[in-house]
Amino acid sequence: MRRLLLVLLVCVPATLVSQAQPPTGRAPAAATPSVERARNVILFVGDAGGLPTLNAASLYGYDRPQALFIQKMPYIALMDTSTASNWVTDSAAGMTAIVTGHKTQNGVLSQSDAAVRGKKDGERLKTILEYAEERGLSTGVITNDAVTGATPAACYAHSNNRSSTAAIIAQLGKPIAGNGVDLVLGGGRSAIYKATAAAGLDLDAMLRGQGYTLLDSPEALRSDTPRAVGLTDASDYDVSAVVAGAIGALSRNPKGYFLMVEWDLHTDDVKKGLDRTLLIDRVIRETVAKAGPRTLVIFAADHSFDIRVRGGGKGRPLLPEPAPGEAAPANPPLRMDDGHTGEEVVVAAQGPGARRVRGFIANTDLFQIMLAAYGWKEDSAAR
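Residues numbered from 1 in each chain as written. Predicted model: local features only at pLDDT ≥ 70, side-chain atom pairs only at ≥ 80, totals over all residues. Heavy atoms only, no water.

Trainee: What is the right way to look at empty space enclosed by the protein in this model?
Mentor: The probe, sized like a water molecule, is rolled over the atoms to show the empty space still left. Enumeration according to the criterion identifies one cavity of 30 Å³ or more in this entry. In terms of lining, the largest cavity is formed by Leu129, Glu130, Glu133, Tyr156, Gln171, Leu172, Lys174, Pro175, Ile176, Ala177, Gly180 and Val181. With three residues, helix 5 (residues 128–134) is the single largest residue contributor to the lining of the largest cavity. Its residues placed into classes, the lining of the largest cavity shows seven nonpolar, two polar and three charged. (1 Å grid on protein atoms, 1.4 Å probe; cavity = no way out; pocket = protein on both sides within 12 Å on 5 of 7 lines; lining within 4 Å. Points joined across faces, edges and corners; volume = space filled by probe spheres on them. Helix = DSSP H or I, 4+ residues; strand = E, 2+ residues; numbered from the N terminus. Nonpolar A, V, L, I, M, F, W, Y, C, P; charged D, E, K, R; others polar.)

What follows is the structure in structure tokens.
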């Protein structure tokens, strides 16, 4: 009997094995051909949205662990976030590694580790957005930070100093590949105009010269607008509508698109950070549902943040509000030390190419995963 059972198990066709369902509670993986190729890649970056933040947001929002959509995506990896010389990264070095496949120094945007912040340039590193532009795809960046902030800027700019606002935004007028990033939607409006005016740059004239439609806010984007810059001073806006509008606009290109969406999840303001985590988790779920089978959707954090669940329990609020006139509890369930940390962060993915997201990976591997999903190879000069 044992021999018969063994023969039956050995002879199960591989096609039946391949039809096995993902673990219970996981989102179903989209059907993919044997050679996976993505037409589109959407990269969501939770700035400071490390594993501790995701864990706390799930408990805070749903009173149970692992309730976020991100935590149910079918492919998961843990990603190192170190820089070329430090265990703890800032967003500039962290995002540079993700979009170029090369580690660099803190404060440096898409230049090699030979750069010295504010003093010396390193070699220019080609970003995944620039690979897409070079091949005729449409591209976009969305953020609730300034569009010249480290995470979005690393996609389209090359600078030895993340604080060089005017020099960073000026690079929209001098793209290295294609016609440059097509949709630039986010914050920092007043600071950017102040910095460019001080540098003698007529920002509106430069942007119109590059064929951009100038919008009063990201939410003003229409799906039939192929190139636009929409700036606001607000740190929160209807990101769900903006992401949907951007996908509609970028999808008009039959060659495909690359879209990066950053949402600030820093928990130095704990409630705001956790509310934003719940929001972007919902947007990712909506995006996966609508993006189509040829779109790779990835969530990753550029770095983690020092927030920890130290107590509490089911049915008790994670952020208890003291009664009027009472002091805050001495030992609250959720405690935070205001700073970046160096532990691995979660990467979650779904769509063609997502199966490469597994195990322990480096932040530079995420660039290779996106490149491979498109079916492209890294330029030999960029290695």
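Trainee: Looking at this structure, how should I read helix 4 (residues 91–100)?
Mentor: Because an α-helix completes one turn every 3.6 residues, residues spaced three or four positions apart along the sequence face the same direction. In terms of burial, helix 4 is a largely internal element, ten of the ten residues being buried. Along helix 4, the residues classified as buried are Ser91, Ala92, Ala93, Gly94, Met95, Thr96, Ala97, Ile98, Val99 and Thr100. Its side-chain oxygen 3.3 Å from the backbone nitrogen of Ala92, Asp90 forms the N-cap of helix 4. Gly101 sits one or two positions beyond helix 4 and adopts a positive phi of about 80 degrees. (Buried < 20%, exposed > 50% of the residue type's maximum accessible area, 1.4 Å probe, protein only. Polar contact = N/O pair within 3.5 Å; in protein donor to acceptor, adjacent residues only side chain to side chain.)

Trainee: Looking at this model, I keep getting lost on the side chain of Thr277. Mind explaining?
Mentor: Residue placement: Thr277 occurs in helix 11 (residues 270–291). Among the polar contacts made by the side chain of Thr277, one reaches the main-chain carbonyl oxygen of Gly273 at a distance of 2.8 Å. Not counting residues up to four positions away in its chain, the partners in contact with Thr277 are Thr53, Leu54, Ala57, Leu68 and Leu265. (Contact = heavy atoms within 4.5 Å.)

Trainee: Looking at this structure, I do not really get the nonpolar core. What am I missing?
Mentor: Across soluble globular proteins, nonpolar side chains show a tendency to be buried alongside one another. Ranked by size, the top nonpolar core spans 56 residues in total, and within it Leu43, Met95, Ile128, Leu172, Phe258, Val347 and Leu366 carry the most contacts. Beyond its immediate sequence surroundings of up to four residues, Ile128 is in contact with Val99, Phe258, Phe367, Met370, Leu371, Tyr374 and Trp376. Judged by nonpolar contacts, the second largest core, of 43 residues, contains Ala246, Val261, Leu278 and Val283. (Core = buried A, V, L, I, M, F, W, Y, C linked by side-chain atoms within 4.5 Å.)

Trainee: What should I look at first to understand the sheet that holds strand 3 (residues 138–146) in this one?
Mentor: Neighbouring strands of a sheet are bound in pairs by backbone hydrogen bonds; such pairs are parallel or else antiparallel. Pairing in this open sheet of ten strands is mixed, and the strands run 5-6-4-3-7-1-8-11-2-12 from one edge to the other. At either end of the open sheet lies a strand with only one pairing partner, and these are strand 5 (213–215) and strand 12 (359–362). Looking at each pair of strands side by side, their axes are set apart by 15 degrees on average, direction ignored. Pairing of strand 5 with strand 6 (residues 228–231), which is carried by three bridges, proceeds in the parallel orientation. What sits directly across from Leu215, in strand 6, is Gly230. Contacting strand 1 (40–47), strand 2 (75–80), strand 7 (257–264) and strand 8 (295–301), helix 4 crosses the sheet at an angle of about 160 degrees to strand 1. (Pairing = 2+ DSSP bridges. Axes fitted to C-alpha atoms, helices over the stretch in contact; angles between N-to-C directions.)

Trainee: Before we go on, may I ask you to explain the confidence of the model for the protein chain in this structure?
Mentor: Any segment with low pLDDT has predicted coordinates that should not be analysed in fine detail. Predicted confidence across the protein chain gives a mean pLDDT of 89, with 90% of residues reaching 70 or more. In the predicted structure, residues 1–34 sits below a pLDDT of 50 and forms 22 contacts with residues beyond four places in sequence or in another chain. (pLDDT = per-residue confidence, 0-100.)

Trainee: In this structure, what is going on with the environment of Asn363? I would like to understand it.
Mentor: Relative to the assigned elements, Asn363 resides in helix 12 (residues 363–374). If sequence neighbours within four positions are ignored, Asn363 has contacts with Met79, Asp80, Thr81, Ser82, Gly94, Ala97, Ile98 and Lys103. Here Lys103 takes part through its side chain, which lies 2.9 Å from a polar atom of the side chain of Asn363.

Trainee: Before we go on, may I ask you to explain the pattern of salt bridges in this structure?
Mentor: Pairing between side chains becomes possible if they bear opposite charge and their charged atoms approach one another. One pass over the structure, following the stated rule, counts twelve salt bridges. For the salt bridge of Asp80 with Lys103, the shortest nitrogen-to-oxygen distance reads 3.0 Å. Within this pair, whereas Asp80 is found in strand 2, its partner Lys103 is found in the loop between helix 4 and helix 5, the two being separated by 23 residues in sequence. Residue classification places Asp80 among the partly exposed positions, given a relative accessible area of 24%. A salt bridge links Arg135 to Glu134; the nearest nitrogen and oxygen atoms lie 3.2 Å apart. According to the relative accessible area criterion, Arg135 is partly exposed, its value standing at 29%. By relative accessible area, Glu134 is classed as partly exposed at 45%. Residues joined in a network through salt bridges with shared partners are Lys126, Glu134, Arg135 and Asp379. (Salt bridge = Lys/Arg side-chain N within 4 Å of Asp/Glu carboxyl O.)

Trainee: How should I be thinking about the side chain of Gln105 in this particular structure?
Mentor: Position of Gln105 among the secondary structure elements: in the loop between helix 4 and helix 5. A polar contact is formed between the side chain of Gln105 and the side chain of Ser85, at a distance of 2.6 Å. Excluding residues that lie within four positions of it along the chain, Gln105 makes contacts with Ala84, Ser85, Ala93, Asp113 and Ala115.

Trainee: Is there a simple way to explain helix 10 (residues 239–250) in this structure?
Mentor: Compared with the 16 Å implied by 1.5 Å per residue over twelve residues, the 16 Å span of helix 10 between its first and last C-alpha is a close match. Taken as a whole, helix 10 has its buried residues at Val239, Ser240, Val242, Val243, Gly245, Ala246, Ile247, Ala249 and Leu250. Residues of helix 10 that are buried sit in contact with strand 1, strand 3, strand 4 (183–187), strand 7 and helix 11. (Expected span 1.5 Å × (residues − 1).)

Trainee: For this particular structure, what's the right way to read the packing of aromatic side chains?
Mentor: We describe a pair of aromatic rings using the distance from one ring centre to the other and the angle between the two ring planes. According to the stated counting rule, one finds three aromatic pairs in the structure shown. When the ring centre of Trp376 is taken as origin, the NZ or CZ atom of Arg135, which lies over that ring, is 4.7 Å away. Here the basic side chain of Arg227 rests over the ring of Tyr212, its NZ or CZ set 4.2 Å away from the ring centre. (Phe/Tyr/Trp six-rings, centres within 6.5 Å; stacked < 30°, edge-to-face > 60°. Lys NZ or Arg CZ within 6 Å of the ring centre and 35° of its normal.)

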